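These are the residues of each chain, in order.
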Amino acid sequence: AQSVAQPEDQVNVAEGNPLTVKCTYSVSGNPYLFWYVQYPNRGLQFLLKYITGDNLVKGSYGFEAEFNKSQTSFHLKKPSALVSDSALYFCAVRDNWGSGTYKYIFGTGTRLKVLA
Amino acid sequence: SAVISQKPSRDICQRGTSLTIQCQVDSQVTMMFWYRQQPGQSLTLIATANQGSEATYESGFVIDKFPISRPNLTFSTLTVSNMSPEDSSIYLCSVEFRGEGETQYFGPGTRLLVL
């Protein structure tokens, strides 16, 4: 079965500093990997995805993620954090069962706090 | 960009009653999913809503408790039946849009409190 792990419950970073939110995955084939952000009392917003191609994926709001096959990681990064980036971040993997059926599996989430 | 709406946005219900949550999309979708989320926690998939056939439920979720309908390509409902306080949660629908596979987009959620 496919899975994702987010080893940090919370990440604190000073405004203007680079941020990294970690995600590792376990899959049996080629991974479909995603990052979502959830602001308080809101639904989840799609940030970016890796399906194939360039290992560095750029997404919304200046975020990017690097797919590393040897380390089975898909860490989310941003060069300069903003206070408004403070939110709950989820990594997800698509579990492909074959025959066109699949579901998404979410990590436990990492709360990012950007301090002014 | 397409809009995903959910009704109601929140509700307070008495135990033993049922609530039907609607998910409406303004363009055609392929897949629709229903999730449950405790505030600040991860998402738990309830079921995949298949158009024109029965939903596919995850382990721990059954049709009698969470009946789902999906009559067309833009609409689905999830009913939480015979509610108990343990059903208090945020319920989220998500979709994949036709022509843009492999990416899930979420509705704003329905916040349910059962007394």
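Before any of the text, the structure's been laid out above.
Report on the accompanying structure. (Residues numbered from 1 in each chain as written. Chains lettered and ligands numbered in written order. Predicted model: local features only at pLDDT ≥ 70, side-chain atom pairs only at ≥ 80, totals over all residues. Heavy atoms only, no water.)

What follows deals with the overall build of chain A. In terms of regular secondary structure, chain A is built from 0 helices and 12 strands. Sequence-ordered secondary structure for chain A, helices as α and strands as β, is β-β-β-β-β-β-β-β-β-β-β-β. The C-alpha atoms of chain A give a radius of gyration of 14 Å, which matches the 13 Å a tight globule of 116 residues would have. In terms of overall dimensions, chain A has a C-alpha envelope of 50 × 30 × 25 Å along the principal axes. Taking as baseline every contact in chain A between residues at least 6 positions apart, the subset at least 24 positions apart corresponds to 54%. (Helix = DSSP H or I, 4+ residues; strand = E, 2+ residues; numbered from the N terminus. Rg over C-alpha atoms; globule rule 2.2 N^0.38 Å. Contact = heavy atoms within 4.5 Å.)

Scanning all chains against the criterion turns up 7 salt bridges over all chains. Two residues, Arg 94 of chain A and Glu 96 of chain B, come together in a salt bridge whose shortest N-O distance is 4.0 Å. One end of the pair, Arg 94 of chain A, is in strand β10 (residues 87-98); the other, Glu 96 of chain B, is in strand β9 (residues 89-97), on a second chain. Given the relative accessible area of 9%, Arg 94 of chain A is considered buried. Here Asp 87 of chain B and Arg 36 of chain B are joined by a salt bridge, their closest N and O atoms 4.0 Å apart. Residue Asp 87 of chain B is found in the loop between β8 (75-80) and β9, and its partner Arg 36 of chain B is found in strand β4 (residues 29-37); the two are separated by 51 residues along the sequence. (Salt bridge = Lys/Arg side-chain N within 4 Å of Asp/Glu carboxyl O. Buried < 20%, exposed > 50% of the residue type's maximum accessible area, 1.4 Å probe, protein only.)

As far as function goes, none of this settles anything; it's purely spatial.
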